[in-house]
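The residues making up each chain are set out below.
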Amino acid sequence: FTAATCGTHIQIIEEWKSTDLQHSSNSPIVIDGRLNLDGTKLEGFYFCKEDGSTGQISGNLEIPGKVSPPNCSKQLVKTEALLCQAVGHLALMLSSKTVLADVDEDDEN
């Protein structure tokens, strides 16, 4: 399969085996979805190029032998991710010329 991500958006192209008992074939499938903040859950839609069928898809990352963290740790991961995004947006706003131009305009009036 081939996959590409941009932030939490993910797009996967892969081949699924047909479940039809009369003939066996591989169907190219495009999966377009979103990952949760810690990357352990996927929700989205799939599209079969062969017959045009679509549907919803979801999944969880499971690593054998790994104990999932308690809810407190999961909440900390989500909070950390949100804070990092907020800091990134703040840094972008502070370094953007258009935002600074708007601030300068307010000061002149």
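As the structure is a computational prediction, the values presented were derived from the model and not from experiment.

Would you mind going over the nonpolar core with me for this structure?
Generally speaking, nonpolar side chains in soluble globular proteins are found buried as a group. Residues Ile10, Ile12, Ile29, Ile31, Leu42 and Cys48 constitute the largest nonpolar core, which totals six residues. Of all elements in the fold, only strand S2 (9-17), strand S3 (26-35) and strand S4 (41-48) reach the threshold of two or more residues within this core.

Sorry, what's going on with a nonpolar patch on the surface here?
On the surface, Leu90, Met93 and Leu94 cluster together to form a nonpolar patch covering roughly 300 Å² of accessible area. Locating Leu90 in the fold gives a position in helix H1 (residues 71-95).

Can you walk me through the sheet that holds S2 in this structure?
Two pairing modes exist for strands in a sheet, parallel and antiparallel, and in both the strands are linked by backbone hydrogen bonds. The strand order across the open sheet formed by five strands is S1-S2-S3-S4-S5, and the pairing between neighbours is antiparallel. Each end of this open sheet is capped by a strand with a single partner; those strands are strand S1 (2-6) and strand S5 (54-60). Taken pair by pair, the neighbouring strands of this sheet meet at an average axis angle of 25 degrees, ignoring direction.

What should I look at first to understand the side chain of Ser27 in this one?
Looking at the secondary structure, you find Ser27 in strand S3. A relative accessible area of 9% means that Ser27 is categorised as buried. Setting aside chain neighbours within four positions, we find Ser27 in contact with Glu14, Glu15, Trp16, Cys48 and Glu50.

The rules behind these values
- Residues numbered from 1 in each chain as written.
- Predicted model: local features only at pLDDT ≥ 70, side-chain atom pairs only at ≥ 80, totals over all residues.
- Heavy atoms only, no water.
- Core = buried A, V, L, I, M, F, W, Y, C linked by side-chain atoms within 4.5 Å.
- Buried < 20%, exposed > 50% of the residue type's maximum accessible area, 1.4 Å probe, protein only.
- Helix = DSSP H or I, 4+ residues; strand = E, 2+ residues; numbered from the N terminus.
- Patch = residues over 30% accessible without salt bridge, like charges linked within 9 Å, V, L, I, M, F, W, Y side chains within 5 Å.
- Areas by Shrake-Rupley, 256 points an atom, 1.4 Å probe, with all protein chains shown as cover.
- Salt bridge = Lys/Arg side-chain N within 4 Å of Asp/Glu carboxyl O.
- Pairing = 2+ DSSP bridges.
- Axes fitted to C-alpha atoms, helices over the stretch in contact; angles between N-to-C directions.
- Contact = heavy atoms within 4.5 Å.

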